[in-house]
Amino acid sequence: METKKCPKCGAEIPVEMSFCLHCMERTDGVLEIKRKAVLSRKFVIVAAAAFALLLTAVIVLIILLKGSGANNKPEPSDTTEASAETTTETPTESIQTETTAQNVPDTQAQTAETSQTAENSTFTTSRKAADDSKNNDSEETESAIDTELSEDEEQPVAPQEQPGVDAEEVQENKPQPHEEAQNSEPAAADFEEVFTQRMNSWGASHVLADTLSFDGNSCTVTSNVGTDKVNCTVTANADMTEYTLTIEPATDYTRYSTSVYIPDIVNEMTAFVLDYRMSSSTRTDIANLFADFGAEGHFSENTLSCDITTQAHNSGAYPITVNCSITE
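What counts and how
- Throughout this description, residue numbers start from 1 for each chain and increase along the sequence as written.
- Totals for whole chains, interfaces and linings use all residues, but because this is a predicted model, local features are given only for residues with pLDDT of at least 70 and pairs of side-chain atoms are given and counted only at 80 or more.
- Only hydrogens and water are set aside when side-chain values are computed; all heavy atoms of the structure are taken into account.
- Under the DSSP-based scheme used, a helix requires at least four consecutive residues in state H or I and a strand at least two consecutive residues in state E, with every element numbered from the N terminus.
- In this scheme, a residue with accessible area under 20% of its type's maximum is buried, one over 50% is exposed, and one in between is partly exposed, where area comes from a 1.4 Å probe on protein chains only.
- In this description, contact between two residues means that some pair of their heavy atoms is separated by no more than 4.5 Å.
- Criterion for a disulfide: a pair of cysteine sulfur atoms at a distance within 2.5 Å.
- Between N or O atoms, a polar contact is any pair within 3.5 Å; within protein, one atom must be a potential hydrogen donor and the other a potential acceptor, and residues adjacent in sequence are included only when both atoms are from side chains.
- Should DSSP find at least two bridges between two strands, the strands are regarded as paired.
- Helix axes use the C-alpha atoms of the stretch in contact, all axes being lines fitted to C-alpha atoms, and the angles between their N-to-C directions lie in the range 0 to 180 degrees.
- Known as pLDDT, the predictor's confidence for each residue is given on a scale from 0 to 100.
- Under the pairing criterion, centres of Phe, Tyr and Trp rings, with the six-membered ring standing for Trp, must be within 6.5 Å; the plane angle then separates stacked pairs below 30 degrees from edge-to-face pairs above 60, leaving the rest tilted.
- If an angle is under 35 degrees, it is roughly parallel; if it is over 145, roughly antiparallel; if it lies from 65 to 115, roughly perpendicular; otherwise it is oblique.
- Working rule for handedness: look at the near helix, and if it is turned counterclockwise from the far one by less than a right angle, call the crossing left-handed; if clockwise, right-handed.

Draft legend 1. Representation of the environment of Ala317. Within the secondary structure, Ala317 is located in the loop between strand S8 (304-310) and strand S9 (320-326). Classification of Ala317 as partly exposed rests on a relative accessible area of 26%. Beyond its immediate sequence surroundings of up to four residues, Ala317 is in contact with Pro249, Thr254 and Arg255.

Here it is in structure tokens:
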């Protein structure tokens, strides 16, 4: 006889048994009995009442619509009956009347078109007459102006003589052309054109040309300082005799030898803006300022004067401000 174990107590029981003889546990799973859903009596009553109300409302609405339609139906009058009899007795007259009614709109349309054509012709004639009159007036005005100009040209204007002043003295006091040219102010130089031309003729430069951006007499550019980079902002006056240069690290982690690169960058900007090349001794003095961890310094040679300010012990992580000018 085949046996199986009870899932609860583990006792051996026959295979065909659905209950364990020891613990009375079911061995063939839990028997689920599904209960059929039954609508509640209250729900059925409410649904029936609602349906009855809806049906009553529809019936009442249909009755009202039929009643209003019957009241609005026109009653046949004696005039209508007489007209119907007349129309029945004389179909030929009715046909003639319809034909006449159809021809009336065509006649009105032709009349409107004729009137519109007449108005257009009148407007065209009036406009042409106005244009002709305007052209004639213009020709007469031009002729009068030409006559006045010819009379003015024929009559030379005599120079006005001031009492007590000779003509020779007036001629001497008159400014000469070369004196006027000297007194006139020189035109302002194009900062972008001059800066770019001088930079291109410099040769090897720390300036990255593809980063140049101009705005009036100011420009921004990135310069190469070894493996790192710095952002430079240059602002010059109108005649390009002085400028202010600001050198800032490109990132918070920028580090470079200021004593090596700052003298070269200042020398380049001085050449690009002021057209002046610093001597090697001045560049050495600027290098010593940063080598000694200085915060400011004044440098001058010939007509050049420069002031440099920064934060002490600047190893490339702080901004630098340079002010340079040329004096005549």
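Next, the rest of the story.
Draft legend 2. The arrangement of the state of the cysteines in detail. As enumerated under the stated definition, the model contains one disulfide in all. A sulfur-sulfur distance of 2.2 Å marks the disulfide that ties Cys306 to Cys324. Between Cys306 and Cys324 the sulfur-sulfur dihedral comes to about 120 degrees; the bridge is accordingly right-handed. Of this pair, Cys306 sits in strand S8 while Cys324 sits in strand S9; the two residues are 18 residues apart in sequence, bridging distant segments of the chain. The same class applies to Cys306 and to Cys324, which are both buried. Between Cys20, a cysteine without a disulfide, and Cys9, which holds the nearest cysteine sulfur, the sulfur-to-sulfur distance is 3.5 Å. Cys20 sits in the buried class, given a relative accessible area of 0%. Of all cysteine sulfurs, the one in Cys232 lies closest to Cys219, which takes part in no disulfide; the gap is 9.0 Å.

Draft legend 3. The side chain of Thr254, seen in detail. Here Thr254 lies in the loop between strand S6 (242-249) and helix H7 (258-274). Owing to a relative accessible area of 2%, Thr254 belongs among the buried residues under this scheme. Within polar-contact distance, the side chain of Thr254 engages the backbone nitrogen of Ala250 at 3.5 Å. Of the polar contacts made by the side chain of Thr254, one reaches the side chain of Thr251; its length is 3.1 Å. When neighbours within four sequence positions are excluded, Thr254 is seen to be in contact with Asp228, Lys229, Pro249, Gly316 and Ala317.

Draft legend 4. Structural context of the sheet that holds strand S3 (residues 213-214). Reading across from one edge, S3-S4-S5-S6-S9-S8-S7 is the order of the seven strands in this open sheet, with antiparallel pairing throughout. A strand with exactly one partner marks an edge of an open sheet, and here the two such strands are S3 and strand S7 (296-301). Bridge analysis of S6 against S9 gives six bridges, and the strand direction is antiparallel. Bridge assignment links Ile247 to a residue of S9, and that residue is Ile320. The strands touched by H7 within the sheet are strand S4 (218-225), strand S5 (228-236), S6, S8 and S9, with S6 carrying the most contacts at an inclination of about 145 degrees.

Draft legend 5. The confidence of the model for the protein, seen in detail. Here the protein averages 75 in pLDDT, while 60% of its residues score no lower than 70. Across residues 79-107, confidence stays below pLDDT 50; counting only partners more than four residues off in sequence or on other chains, it has one contact.

Draft legend 6. A look at the packing of aromatic side chains. Using the criterion set out here, one finds six aromatic pairs in the structure. Ring centres 5.4 Å apart and planes at 75 degrees place the aromatic pair Phe195 and Phe272 in the edge-to-face group. In this pair, Phe195 is assigned in helix H6 (residues 191-200) and Phe272 in helix H7, connecting sequence segments 77 residues apart. A relative accessible area of 0% means that Phe195 is categorised as buried. Between Tyr256 and Tyr261, the ring centres sit 6.4 Å apart and the planes meet at 70 degrees, which makes this aromatic pair edge-to-face. Take Tyr256 and Tyr261: they sit in the same class, and that class is buried.

Draft legend 7. Focus on the packing of H7 against helix H8 (residues 280-291). Two elements in contact, H7 and H8, have axes separated by 8 Å at closest approach and are oriented at 140 degrees. The angle between the axes of H7 and H8 places the two elements in the oblique class. Classified by chirality, the crossing of H8 by H7 is right-handed. Contacts between H7 and H8 involve Thr258, Ser259, Ile262, Pro263, Asp264, Val266 and Asn267 on the former and, on the latter, Arg283, Ile286, Ala287, Phe290 and Ala291.

Draft legend 8. Broad picture of the pairing of S6. Alternating positions in S6 separate cleanly, Tyr243, Leu245, Ile247 and Pro249 being buried on one face and Glu242, Thr244, Thr246 and Glu248 remaining unburied on the opposite face. Strand direction decides the pairing type here: S5 and S6, joined by seven bridges, are antiparallel. When the bridges of S6 are listed, Val230 appears paired with Pro249. Between S5 and S6, which pair antiparallel and follow one another directly, the connecting turn spans five residues, one of which, Met240, has a positive phi of 55 degrees.

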